[in-house]
Amino acid sequence: LKGESRPLVLENERAEMLAGLACVDYVTIFSERDPIALLSAIKPNIHVKGGDYTIEQVIEREVIEANGGRVIVGLNVPGKSTTDLIKTICKRHSMTK
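Residues numbered from 1 in each chain as written. Predicted model: local features only at pLDDT ≥ 70, side-chain atom pairs only at ≥ 80, totals over all residues. Heavy atoms only, no water.

Asks: What exactly am I supposed to notice about the overall build of the chain here?
Replies: Assigned secondary structure in the chain consists of four helices and two strands. Going residue by residue from the N terminus, the α and β elements of the chain occur as α-α-β-α-β-α. For the chain, the C-alpha radius of gyration of 16 Å lies well beyond 13 Å, the compact-globule estimate for 97 residues. In terms of principal-axis extent, the alpha carbons of the chain reach across some 55 × 25 × 25 Å. Taking all 97 residues of the chain together, 12% fall into the buried category. (Helix = DSSP H or I, 4+ residues; strand = E, 2+ residues; numbered from the N terminus. Rg over C-alpha atoms; globule rule 2.2 N^0.38 Å. Buried < 20%, exposed > 50% of the residue type's maximum accessible area, 1.4 Å probe, protein only.)

This is how it looks when you write it as structure tokens:
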């Protein structure tokens with residue numbers, strides 16, 4: 001979704017980092033753009049979405065809530081997104097030339 005040069009951290013690596021968190025039971029990588037079928041089948045108690053979304057934009061919210069689950073939208077930490085980090089690296093690199 002972010003373009004040809006992204007992501008910088010591959011999905012398997014991101015999944016491994018998330019799975020290492022004590023509060024995470026399972027991490028699933030899915031190939032569909034729309035996760036509704038998968039989430040209907042596994043019925044998670046909690047589904048976390050990235051902070052780029054508002055709760056109203058989470059298309060899978062209805063299926064999660066219909067199965068008794070809860071959707072949580074994560075917080076973005078200002079200056080810590082991949083986009084911000086790339087900009088900082090590029091800026092610093094151009095300063096050292």
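Asks: Any chance you could explain the side chain of Glu60 here in plain terms?
Replies: Tracing the backbone through its elements, the reader meets Glu60 in the loop between strand 1 (46-49) and helix 3 (61-66). Glu60 gets classed as buried once you look at its relative accessible area, which sits at 1%. Within the structure, the side chain of Glu60 is placed 3.0 Å from the side chain of Lys49, a separation counted as a polar contact. Setting aside residues no more than four positions away along its own chain, Glu60 makes contact with Pro35, Ile36, Leu39, His47 and Lys49. (Polar contact = N/O pair within 3.5 Å; in protein donor to acceptor, adjacent residues only side chain to side chain. Contact = heavy atoms within 4.5 Å.)

Asks: Help me out: how do you make sense of the packing of aromatic side chains in this one?
Replies: All told, the structure shown has zero aromatic pairs when counted by the stated rule. The positively charged end of Lys49 is found above the aromatic ring belonging to Tyr53, 4.7 Å away from the centroid. (Phe/Tyr/Trp six-rings, centres within 6.5 Å; stacked < 30°, edge-to-face > 60°. Lys NZ or Arg CZ within 6 Å of the ring centre and 35° of its normal.)

Asks: Which parts of the structure should I look at to understand the environment of Met17?
Replies: Structurally, the position occupied by Met17 is in helix 1 (residues 11-19). It is 9.7 Å that separates the C-alpha atoms of Met17 and Val27, two residues lying 10 residues apart in sequence.

Asks: So what exactly am I meant to see when it comes to a nonpolar patch on the surface here?
Replies: On the surface, a nonpolar cluster with roughly 290 Å² of combined accessible area is contributed by Leu8, Val9 and Met17. Residue classification places Met17 among the exposed residues on the basis of a relative accessible area of 53%. (Patch = residues over 30% accessible without salt bridge, like charges linked within 9 Å, V, L, I, M, F, W, Y side chains within 5 Å. Areas by Shrake-Rupley, 256 points an atom, 1.4 Å probe, with all protein chains shown as cover. Salt bridge = Lys/Arg side-chain N within 4 Å of Asp/Glu carboxyl O.)

Asks: Quick question: what am I supposed to make of unusual backbone geometry here?
Replies: Both trends apply: most residues other than glycine have a negative phi, and most peptide bonds are in trans. Backbone geometry at Lys43 places phi at a positive 50°, although glycine is not the residue there. Of note, Lys43 is situated in the loop between helix 2 (36-42) and strand 1.

Asks: Is there a simple way to explain the pairing of strand 2 (residues 70-73) in this structure?
Replies: Each regular strand shows side chains that alternate between the opposite faces of the sheet. The sheet contact formed by strand 1 and strand 2 spans four bridges and is parallel. The residue bridging Lys49 from the neighbouring strand is Val73, located in strand 2. Each parallel crossover has a hand, and the one from strand 1 via helix 3 to strand 2 is right-handed. (Pairing = 2+ DSSP bridges. Right-handed = clockwise from strand over helix to strand, strands pointing away.)

Asks: Can you walk me through the nonpolar core in this structure?
Replies: Nonpolar side chains in soluble globular proteins tend to be buried together. Within the largest apolar cluster, five residues are counted, these being Leu39, Val58, Val63, Ile64 and Val71. Excluding residues within four positions of it along the chain, Leu39 makes contact with Pro44, His47, Glu60, Val63, Ile64 and Asn67. (Core = buried A, V, L, I, M, F, W, Y, C linked by side-chain atoms within 4.5 Å.)

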